[in-house]
Amino acid sequence: MRKSHPIRRVVLTTAATVSGIVLLLTLKPGGDPGSASAANDAAPQQTSAAQSPQGGTGATGPRTIDGSVAKTQYGPVQVRITVEGGRIIQAEAVQAPSGGKSTEVTADAVPKLNQAAVTAGTADIDAVSGATYTSGGYKESLQSAVDQAGG
């Protein structure tokens, strides 16, 4: 075959395209996972017991309970709930993924997850579209807090 033969160009172009696609498919998402998650995980777990008053007087006043830290692909998630009379009256994410696009996704998803937790009163809440990993970690930590609350 001659150097400028059309079939030769087609074969080389196809081979280069296939190689490029294979390389793109083998890439893993990067840059977002929380690099300091190990340092962030230790302190909140130690303080959760101190922030969870057990109410030794039998009063049913509000109690604040921290769920366990759930590790996700994009960083740690931890939920804190306030329970009164056996009902969740407030939920908030103490830790959530941040950095890069995670900051934007978290800012959109966490308020929706907080509201869903209060509305449902359980950890049986729907995931937020576009925040699958954050939603999964949120539900895991929320279930931990609900279990600690006794409900």
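The coordinates are above.
Note that the coordinates shown come from a computational prediction; the quantities given were computed from them, not determined experimentally.

Undergrad: Help me out: how do you make sense of the overall build of the chain in this one?
TA: Broken down by element type, the chain carries 4 helices and 4 strands. Sequence-ordered secondary structure for the chain, helices as α and strands as β, is α-α-β-β-β-β-α-α. For the chain, the residues scored as buried account for 30% of the 151 residues in total. Within the chain, contacts between residues separated by at least 24 positions form 47% of all contacts whose residues are at least 6 apart in sequence. Accessible surface, the chain: about 9300 Å² in total, of which carbon and sulfur atoms supply 56%.

Undergrad: Got a minute to help me understand the pattern of salt bridges in this structure?
TA: Once their charged atoms are close, side chains differing in charge can pair, the charge on each being opposite to the other. The tally for this structure, following the rule as stated, stands at 2 salt bridges. Linking Arg-80 and Asp-66 is a salt bridge whose minimum nitrogen-to-oxygen distance equals 2.6 Å. You can see Arg-80 sitting in strand E3 (residues 75-84) and its partner Asp-66 sitting in strand E1 (residues 63-66), a full 14 residues away along the chain. Summarising the burial analysis for this pair, Arg-80 and Asp-66 share the class buried.

Undergrad: What am I meant to see in the nonpolar core here?
TA: Nonpolar side chains in soluble globular proteins tend to be buried together. Ranked by size, the top nonpolar core spans 18 residues in total, and within it Ile-81, Leu-113, Tyr-138 and Leu-142 carry the most contacts. Sorting the residues of this core by element identifies E3, strand E4 (87-95), helix H3 (101-120) and helix H4 (132-149) as the ones contributing at least two each. For Leu-142, the residues in contact, after removing those within four places along its chain, are Val-79, Ile-81, Ile-88, Ala-117, Thr-122, Ala-123 and Ile-125.

Undergrad: I'm lost on the pairing of E4 in this one. Help?
TA: Both E3 and E4 contribute to a ladder of 7 bridges, which runs antiparallel. Each residue of the ladder has a partner; that of Arg-80, found in E4, is Glu-92. As consecutive antiparallel partners, E3 and E4 are separated by 2 residues, and within that stretch Gly-85 has a phi angle of approximately 60°, a positive value.

Undergrad: Mind showing me how you'd approach H4 here?
TA: Residues three or four positions apart in an α-helix share a direction because the helix packs 3.6 residues into each turn. Taking 1.5 Å as the rise per residue, H4 with 18 residues should run 26 Å; its terminal C-alpha atoms sit 26 Å apart, in good agreement. Taken as a whole, H4 has its buried residues at Thr-134, Ser-135, Gly-137, Tyr-138, Ser-141, Leu-142, Ser-144, Ala-145 and Val-146. If you follow the buried residues of H4, they end up packed against E1, strand E2 (70-72), E3, E4 and H3. Positive backbone phi, approximately 90°, marks Gly-150, located one or two places after H4.

Rules of the game
Residues numbered from 1 in each chain as written. Predicted model: local features only at pLDDT ≥ 70, side-chain atom pairs only at ≥ 80, totals over all residues. Heavy atoms only, no water. Helix = DSSP H or I, 4+ residues; strand = E, 2+ residues; numbered from the N terminus. Buried < 20%, exposed > 50% of the residue type's maximum accessible area, 1.4 Å probe, protein only. Contact = heavy atoms within 4.5 Å. Areas by Shrake-Rupley, 256 points an atom, 1.4 Å probe, with all protein chains shown as cover. Salt bridge = Lys/Arg side-chain N within 4 Å of Asp/Glu carboxyl O. Core = buried A, V, L, I, M, F, W, Y, C linked by side-chain atoms within 4.5 Å. Pairing = 2+ DSSP bridges. Expected span 1.5 Å × (residues − 1).

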